[in-house]
Amino acid sequence: MPLLSTAFGEELRRRRLDAGLSLTALSAAVHYSKAQLSKVERGIKVPSRDLVRLCDAALRADGALISCGATSTGPQLGGPVPDASDEEEWTMQLSPDGPSWFQPVGRRQIVSAGAASLLRVRMGGESPVGPAAGAGMLEASRSLFTQYRRMGQSVEPGFLLPGLIAQTHTLRALSAHADRDTRQELLALGSRYAEYVGWLVQESGDDQAALWWTQRAVDLAEASGDRDLGGYALVRRALVTLYQDDAEQTVALAQKAQNGALPPRIRGLAAQREAQGHALAGDRDACLRALDRARGLLARQEDSPGALVIGSMHLPDSVGMVMGWCLVDLGRPGQAADELDRQLAQVSDDALRTRVRYGVRRALACAADGQIDRACALTEPLLDGVEAVRSATVTIDLRRLARVLARYPDHPSVRRLGPRLGALSYFRNF
């Protein structure tokens, strides 16, 4: 029997008695059976991450129970977050047929290509990609990028990644033959393609490849003269650690990305990620402070006309949606469900991936709050979307939902939903 299970059980029992609650009363508050709680207190059963969080909130432990039960968390994406200094050494062999469409491009190649094109311009050499041709390519590529992001809301990543990666390499290659101004714009746009590739690769379940592509995005941006994307890369790295349930690293990365020299939008997105990290740790006050900071920063953002949006473009109120997300991890599922109800009502029907992501979390909140019929009713219409978008990150919450509902095997709604929910909870992309 793990020693941590005994330590958590003893702490849970002490706090329950100090609060003057019986096992029956705590059972009613967290929607777990009295027998289950008794086994946890006696160290016979290891608590689930959801039970730990619900007990922490019910007993107002301010994260102490979450810290005590830290190894009783849910599934993780991929492996440990690699150090950025090792990224040049990675080989991305995702295809059994030799070099894949995931062919990496190193920092030295990008910088060398940029330097070579700049040297030609300074020496008066001919530029095969003139200003007019470059402008046409940029306009077409920007329009294509917007379409890719829209398609990314309704199809699985594997359909889009080959084209996105090819377009990233095309923009990089063209930059080596363009005049200086066009070169910088081509590289800047290529960095946005690479960043989106990184996000979709994480959606496919490969953390290391996601971080590799995020670093390539930073390389391209720096070659174009834009150093702000390096700050956003920290936010993306924090997303990986968030899904690995590493609250401390998530907060540290997000705080580092709130450097005052960065644009308000990047700092606002970083503050949202920090809030999610604090929620994982059970620190409600720090979470709310970070969300307040995020709202103020995002209200100050000044986007240039036609500029490509960093981060999600499908959340009318991203801070409100993140608040609903955090309340689940803070062990307040009823409040989370209410907030997510309000936020999802504002999301476009076309934003399928967004609706699935937050819809599954809303269903999880309802299930954790004991609203089993409603949880099942909310989940059933989402399953076609879950199958369409094939998101590894959504699947983490889907598995949590399946485990909560599995505690009610005789419930009619659960029995009807169970087979398909179970099948979709364990798909593999690669």
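All values derive from a computational prediction rather than experimental measurement.

A. Structural view of the overall build of the protein chain. A tally of regular secondary structure across the protein chain gives 21 helices and zero strands. Scored against the burial criterion, the 430 residues of the protein chain give a buried share of 53%. Expressed as a percentage of contacts within the protein chain between residues at least 6 apart in sequence, the contacts between residues at least 24 apart total 73%. Total accessible area on the protein chain is roughly 18,700 Å²; 51% of this is exposed by carbon and sulfur atoms.

B. Looking closely at helix α21 (residues 412-424). Most pronounced at G418, the bend in α21 amounts to some 50 degrees, and the proline P419 follows within four residues. Taken together, the buried positions of α21 are occupied by S413, V414, L417, L421 and L424.

C. The arrangement of the packing of aromatic side chains in detail. Following the criterion strictly, the structure yields six aromatic pairs and no others. Between W212 and W213, the aromatic rings sit 5.2 Å apart at their centres with planes inclined by 75 degrees, giving edge-to-face as the arrangement. For W213, a relative accessible area of 2% puts it in the buried group. For the ring pair W325 and Y358, a centre distance of 5.7 Å and an interplane angle of 70 degrees mean the geometry is edge-to-face. Of this pair, W325 sits in helix α15 (residues 318-329) while Y358 sits in helix α17 (residues 352-368); the two residues are 33 residues apart in sequence, bridging distant segments of the chain. Y358 gets classed as buried once you look at its relative accessible area, which sits at 11%. Among the aromatic side chains, those forming a connected cluster through ring pairs are F145, Y148, Y193 and Y196. The ring of W212 has R216 lying over it, and the distance from NZ or CZ to the ring centre is 4.5 Å. A cation over a ring is seen here: R407 above Y32, with NZ or CZ 3.5 Å from the ring centre.

Analysis parameters
Residues numbered from 1 in each chain as written. Predicted model: local features only at pLDDT ≥ 70, side-chain atom pairs only at ≥ 80, totals over all residues. Heavy atoms only, no water. Helix = DSSP H or I, 4+ residues; strand = E, 2+ residues; numbered from the N terminus. Buried < 20%, exposed > 50% of the residue type's maximum accessible area, 1.4 Å probe, protein only. Contact = heavy atoms within 4.5 Å. Areas by Shrake-Rupley, 256 points an atom, 1.4 Å probe, with all protein chains shown as cover. Bend = angle between axes of the 7 residues up to and from the residue. Phe/Tyr/Trp six-rings, centres within 6.5 Å; stacked < 30°, edge-to-face > 60°. Lys NZ or Arg CZ within 6 Å of the ring centre and 35° of its normal.

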